[in-house]
Amino acid sequence: MAGNGDGVTLLGYWASPYALRVKWALKIKEVQYEYMEEHLPDKSPMLLQYNPVHKKIPVLVHKGKPLAESLVIIEYIDEVWKHNPLLPQDPYHRAKARFWAKFADEKCVPAMFRAFSKVGEEQAQAAEELRENLKTLESALEGKQYFGGETIGFLDIAVGWIGCWARMNEEVAGVNMIDAEMIPLLSVWFQKFLELPIIKECLPPQDKLLEHTKEFHKMLMMATLT
Amino acid sequence: MAEQKVKLLGFWVSPFAYRVIWALKLKGVDFEYIEEDIFNKSPLLLQLNPIHKKVPVLIHGDRVICESYVIVQYIDETWPQCPLLPQHPYERAMARFWADFAEAKLLNIAWLGLCARGAEREKAAKLAIEAVEKIEEVVKGKKLFGGESIGYLDICLGWISYWLPVWEEVGSMQIIDPIKFPATSSWMNTLLHHPVIGDNLPARDAMIEYFKKRSKDLYELDWFKDIIRLHLHP
């Protein structure tokens, strides 16, 4: 049974960026945990028991208590394990980090999904919206190396996955998402972030992810044709 | 920093602005309220919140904070008196979880239901009721989500006690059945009788007029009808 005693268990899915960002948080905090893979789309009884509200991964179980929603989980991890802090100390910088994480999740990610799953005019509009929103996100770097400053923090791990998925999505869907001329600083940051050993070693196998992305795209295209 | 001047840009009927008003008042923080006409956005708003162009916006000294949940947490972290988020990390996480849940599954849905018609409105009411069923379980056995005193989750969900009944009336929907949801109904009542909440609410008659017109106007817009269809396809 998951989460016995003081143990930490993470229910995830190998291709999920939301599970990935929780893995990054646990890795940075050097937390030992048991990882349990959900074989989506089938949902295990454990997942349904631990996240009856949304029935989704990631779910973190700590001391037998489950938590869902990746950003909620990451803040929890930051508060329980205090070394290598993820969120900044100052309330204003914390507010900015939370604001931008929300912006990315609400404005960049849906646009990326639409650019990936639509065709024609709809796709073109979504891709343009994504590129513009990434440009806006770039302003949050404020000339720093990482969103967290000299080292990575909450916002880096909240949005860094987009760099990996967007490159894959643009290749498969045939539309430009990361425009290096438009977002020179963010492009450099995506690259640096994803090359960090602690980040890179958690990434799903890239060839497997590409296959998975191609399969998913095929499915979506067939759905639009019928 | 805490002694620096505080200003709040709001809109008289915005439940999001009221979260911030309640948080500031509970903490006893003095602030200047600036009314914004969201249908005729001021240069100040566009300068302070160029990304979303929305209220509320909190100005604290030379700091600008947007997004009501972000603002309320900022207030809680800047002024330590009368803590809003619980002390224990797990309880804090649960408060954040349920605040996000209520926003996505109840507020957004009920709002779309108000503006929708026919089968789509019925679907909204049905989904909203399902959300309240879960909220009922969370508040059962408690006076307030925060326990004995008002907390973060009470503030985030506070709109349910006053805006939702208005939307139900204007939209001819019933979402909060007091017999089906006794704990939630009792909580709504407790909240409305709290001096800080009860004394800081917009006028009900004006709200009814406003939401009657607003929901009708939004339903005329194709892009809004698309959003309704996306979320409430029966």
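Refer to the structure printed above.
Residues numbered from 1 in each chain as written. Chains lettered and ligands numbered in written order. Predicted model: local features only at pLDDT ≥ 70, side-chain atom pairs only at ≥ 80, totals over all residues. Heavy atoms only, no water.

**Q** So what's going on with the overall build of chain B? Residues and values would help.
**A** Scanning chain B from N- to C-terminus turns up 11 helices and four strands. Relative to a compact globule of 234 residues, whose C-alpha radius of gyration would be 17 Å, chain B shows 18 Å and is just as compact. Summarising its shape, the C-alpha atoms of chain B cover approximately 50 × 45 × 30 Å along the three principal directions. A total of 234 residues make up chain B; the buried ones form 53% of that total. For chain B, the share of sequence-separated contacts (at least 6 apart) that also reach a separation of at least 24 residues comes to 72%. For chain B, the computed accessible surface area is about 10500 Å², with 54% contributed by carbon and sulfur atoms. Between the mean site of the 28 positive side-chain charges and the mean site of the 31 negative ones, chain B shows a separation of 3 Å. (Helix = DSSP H or I, 4+ residues; strand = E, 2+ residues; numbered from the N terminus. Rg over C-alpha atoms; globule rule 2.2 N^0.38 Å. Buried < 20%, exposed > 50% of the residue type's maximum accessible area, 1.4 Å probe, protein only. Contact = heavy atoms within 4.5 Å. Areas by Shrake-Rupley, 256 points an atom, 1.4 Å probe, with all protein chains shown as cover. Lys, Arg positive; Asp, Glu negative; His and termini not counted. Charge placed at Lys NZ, Arg CZ, Asp CG, Glu CD.)

**Q** Requested: an account of the sheet that holds strand β2 (residues 32–35) of chain B, with residues and values cited.
**A** Residues and elements named next belong to chain B. Here we have four strands laid out as an open sheet, ordered β2-β1-β3-β4, and mixed in their pairing. Each having just a single partner strand, β2 and β4 (63–66) make up the two edges of the open sheet. On average, each strand axis in the sheet is tilted by 20° relative to the strand beside it, whichever way the strands run. (Pairing = 2+ DSSP bridges. Axes fitted to C-alpha atoms, helices over the stretch in contact; angles between N-to-C directions.)

**Q** I'd like to hear about the pairing of strand β4 (residues 65–68) of chain A, residue by residue, with values.
**A** Residues and elements named next belong to chain A. Examined bridge by bridge, strand β3 (residues 59–62) and β4 share four bridges and lie antiparallel to one another. Bridging across to β4, Leu 60 finds its partner in Leu 67. Connecting the antiparallel pair β3 and β4 is a turn made up of two residues, with Lys 63 showing a positive phi of about 50°.

**Q** Any chance you could break down the sheet that holds β3(A) for me, citing the residues and the numbers?
**A** Residue and element names in this part refer to chain A. Across the sheet, which stays open at both edges, the four strands sit in the order β2-β1-β3-β4 with mixed pairing between neighbours. The outermost strands of the open sheet, each flanked by one partner alone, are β2 (34–37) and β4. Shown here is a sheet whose adjacent strand axes are inclined to one another by a mean of 20°, direction ignored.

**Q** An account of the interface of chain A and chain B is needed here, citing residue identities and associated values.
**A** On the chain B side, the residues contacting the 24 residues of chain A number 24 residues. Here Arg63(B) ties to Asp90(A) by a salt bridge, and the two come within 3.1 Å at their closest N and O atoms. Along the contact surface separating chain A from chain B lie nine residue pairs in polar contact (both at pLDDT 80 or more). Residue assignment for the side of chain A that touches chain B shows that the elements contributing at least two residues are β4, α3 (70–80) and α4 (91–117) of chain A. (Salt bridge = Lys/Arg side-chain N within 4 Å of Asp/Glu carboxyl O. Polar contact = N/O pair within 3.5 Å; in protein donor to acceptor, adjacent residues only side chain to side chain.)

**Q** Pulling in residues and values, what's your account of a positive patch on the surface?
**A** On the surface, a cluster of positive charge is contributed by Lys43(A), Lys55(A), Lys56(A) and Lys105(B). On the secondary structure map, Lys55(A) appears in the loop between α2 (45–50) and β3. Classification of Lys55(A) by relative accessible area gives partly exposed; the value is 38%. (Patch = residues over 30% accessible without salt bridge, like charges linked within 9 Å, V, L, I, M, F, W, Y side chains within 5 Å.)

**Q** Can you lay out the environment of Val22(A) for me, pointing to particular residues and giving the numbers?
**A** Residue and element names in this part refer to chain A. Among the structural elements, Val 22 can be located in helix α1 (residues 17–28). For the pair Val 22 and Val 59, spaced 37 residues apart in the sequence, the C-alpha separation amounts to 9.2 Å. Leaving out residues up to four positions away in the same chain, Val 22 has contacts with Leu 10, Pro 58, Leu 60, Ser 70, Ile 73, Ile 74 and Ile 77.

**Q** I'd love a proper account of the packing of helix α5 (residues 118–139) of chain B against helix α8 (residues 182–192) of chain B, names of residues and values included.
**A** Residues and elements named next belong to chain B. With their axes 8 Å apart at the nearest point, α5 and α8 run at an angle of 70° to one another. If you check the angle between α5 and α8, you find them roughly perpendicular. Only Pro 182, Ala 183, Thr 184 and Trp 187 of α8 make contact with α5, whose side of the interface consists of Val 132, Ile 135, Glu 136 and Val 139. Looking at the contact of α5 with α8 residue by residue, the class counts come to six nonpolar, one polar and one charged. (Parallel < 35°, antiparallel > 145°, perpendicular 65-115°, else oblique. Nonpolar A, V, L, I, M, F, W, Y, C, P; charged D, E, K, R; others polar.)

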